[in-house]
Amino acid sequence: MKNSIYILFLLISLWACKTEVSTPTEFYHEVPDGPKPWTSEIFEATEPDFTFAVISDLTGGERPGIYSRAVAQLNLLDPTFVLSVGDLIEGGTEDTLQLKKEWDSFDARTSNLTMPFFHLGGNHDLTNPEMRSFWNKRYGPRYYHFRYRDVLFLMMDSEDYSEKRMYEIYQARDTALRVIKGEIEGIYEESTYYHMPERRLGSLGSEQLMYFQEVLEAQKDVRWTFVLMHKPLWLREGKNGLGGLEALLKGRNYTVINGHFHSFSHRIRHGMEYLMLGTTGGAQNPEDPNAFDHISLVRMADKPVITHLKLKGILNNSGTLPMPASLIEE
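Residues numbered from 1 in each chain as written. Predicted model: local features only at pLDDT ≥ 70, side-chain atom pairs only at ≥ 80, totals over all residues. Heavy atoms only, no water.

Points about the overall build of the chain
Short version of the rule: Numbering of helices and strands runs from the N terminus; a helix is a DSSP stretch of H or I covering at least four residues, while a strand is a stretch of E covering at least two. Working definition: with a 1.4 Å probe on protein chains only, accessible area under 20% of the residue-type maximum means buried, over 50% means exposed, and in between means partly exposed. Throughout, a residue-residue contact means that at least one pair of heavy atoms, one from each residue, lies within 4.5 Å. All accessible areas in this document rest on Shrake-Rupley with a 1.4 Å probe, and a residue is counted as covered only by the protein chains that are shown.
Looking only at helices and strands, the chain has 9 helices and 11 strands in total. Split into buried and exposed, the 330 residues of the chain put 45% on the buried side. In the chain, 72% of the contacts between residues at least 6 apart in sequence involve partners at least 24 apart. On the chain, roughly 18,100 Å² of surface is accessible, and the fraction owed to carbon and sulfur atoms is 55%.

And the structure:
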């Protein structure tokens, strides 16, 4: 009888040991008791967070190959989705065949992303009413919002002018560009376009502001709001600046991200982060230390954890810069 009990106990012990060994654990080792070659066995629990990326200006003198490489690098980083702050094509024309060619080129390169991409227009993308119409037919609304989990994204149009004002800006811009190219006499810094506030800061119309007011009223339960635009509307004073929206955002946690200046900067305004991104292939001032190509990664933890990665430092498994096939085509 005693032998039977012993055998039964032994079988139970062996079964328990087998069960313990086969049970998957997050951290397993066979280092015996005593000193350990690691600092802790307490690991951060898996968080219900997500990461998204933001690209900045491609154009205003796009440098070939940079954006295609950025797409390959984004695939290595594998964010949940990618956002833009505009200036995706050179634009600045009313020739619809040329616009189609430029947008086809951008979309072909962007199609290599393995995650969703969200378009946003800049002044190069929405220079005149014809380009605005082209955008509407191809991509839909110029400003919109979406929600991912409990985070709200406001995608704004900083080229929000009346058609009359848009033509005035377009014509003044065309004249200024001809001065720069030496096609007509003049000094760029003395041109009408140079002194237009819209050139640097853009404009926010009343209808767009009302749209986002309704969005914010309907989305009060989000834990964070991201506001993306091309030009820094928050630097413009008066009714066409971001002041009206900032008043609506008061009391919320939010982050503002824009491009346009091709130079990176960061500041705190109203207690929140305001980011101006550099470039992802656009023209750069060689004398500006903050003019660099980068991707911004945002990990949405309790608060956004924002990391800016210079493209020259994102290497593949062989320790080299990715060389996508599209670079050969360019």
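Alright, that's what it looks like, and here's the rest.
Regarding the sheet that holds strand β6 (residues 224-228)
Quick reminder of the rule: Strand pairing is assigned whenever DSSP detects at least two bridges linking the two strands. For every element, the axis is a line fit to its C-alpha atoms; helices are fit only across the contacting stretch, and the angle between N-to-C directions ranges from 0 to 180 degrees.
The strand order β4-β5-β6-β7-β9-β8 describes an open sheet built from 6 strands, whose pairing is mixed. Looking at which strands have only one partner, the edges of the open sheet turn out to be β4 (144-148) and β8 (265-269). Averaged over neighbouring strand pairs, the angle between their axes works out to 20 degrees when direction is ignored. Pairing geometry for strand β5 (residues 151-155) and β6, over 5 bridges, is parallel. Residue pairing in the sheet places F153 in a bridge with F226 of β6.

Digging into the sheet that holds strand β2 (residues 81-84)
Taken together, 5 strands build an open sheet; the order of strands is β3-β2-β1-β10-β11 and the sheet is mixed. At either end of the open sheet lies a strand with only one pairing partner, and these are β3 (117-118) and β11 (304-310). The sheet contact formed by β2 and β3 spans 2 bridges and is parallel. In the sheet register, L83 faces β3, and the bridge partner there is F118. Running over the sheet, helix α2 (residues 66-77) touches β1 (50-55), β2, β3, β10 (294-300) and β11 and is turned about 25 degrees from β10.

Things to note about the packing of aromatic side chains
To keep it simple, the criterion reads: Each pair of aromatic rings taken from Phe, Tyr and Trp, with Trp reduced to its six-membered ring, is defined by centres within 6.5 Å and is described as stacked if the planes are under 30 degrees apart, edge-to-face if over 60, and tilted in the remaining cases.
Evaluated as defined, the whole model comprises 28 aromatic pairs. A ring pair is formed by F52 and F226, whose centres lie 5.0 Å apart and whose planes are at 85 degrees; its orientation type is edge-to-face. Highlighted residues: F52 in strand β1 and F226 in strand β6, separated in sequence by 174 residues. For the residue pair F52 and F226, the accessibility class agrees, reading buried in each case.

What to know about helix α5 (residues 163-181)
Here is the rule we go by: One less than the residue count of a helix, multiplied by 1.5 Å, gives the span that helix is expected to have.
Helix length check: α5 (19 residues) gives 27 Å between terminal C-alpha atoms against 27 Å at 1.5 Å per residue, within 8%. Among the residues making up α5, those that are buried are M166, I169, Y170, A172, R173, A176 and V179. Here the buried face of α5 lies against α4 (129-139) and α6 (197-201). Within two residues after α5, G182 carries a phi angle of roughly 80 degrees, on the positive side.

Points about the environment of P324
With respect to the helices and strands, P324 occurs in the loop between β11 and α9 (325-329). Along the chain, P324 and R69 lie 255 residues apart, while their C-alpha atoms are 6.4 Å from each other. Residue contacts for P324: discarding those within four places in its chain leaves S68, R69 and A72.

Here's the deal with helix α7 (residues 206-218)
With 13 residues, α7 extends 19 Å from end C-alpha to end C-alpha; this agrees with the ideal 18 Å at 1.5 Å per step. Next to the buried residues of α7 lie β4, β5 and α8 (243-249).

Overview of the pattern of salt bridges
The condition is simple: In what follows, salt bridge is the name for a side-chain nitrogen of Lys or Arg lying within 4 Å of a carboxyl oxygen of Asp or Glu.
According to the stated counting rule, one finds 15 salt bridges in the structure shown. Note that D49 is salt-bridged to R299, the shortest N-O span being 2.9 Å. Here D49 is found in the loop between α1 (2-22) and β1, whereas its partner R299 is found in strand β10, with 250 residues between them in sequence. Of the charged contacts in the structure, one is a salt bridge between D107 and R138, with a shortest N-O distance of 2.8 Å. In this pair, D107 sits in helix α3 (residues 96-110) while R138 sits in helix α4, placing the two residues 31 residues apart along the sequence.

Quick notes on the pairing of strand β7 (residues 254-258)
Consecutive side chains of a regular strand alternate in pointing toward one face of the sheet and then the other. Filter applied, for reference: Note on handedness: a clockwise path from strand one over the helix to strand two, with the strands aimed away from the viewer, defines a right-handed crossover.
The element β7 is largely enclosed, with a buried count of 5 among its 5 residues. Here β7 shows no split at all, with Y254, V256 and N258 on one side and T255 and I257 on the other all buried. Taken together, β6, α8 and β7 form a β-α-β motif whose crossover is right-handed. Where β7 and strand β9 (residues 272-276) come together, 4 bridges link them in parallel fashion. Residue pairing for β9: T255 is matched across the bridge by E273.

None of this, on its own, says anything about what the molecule does.
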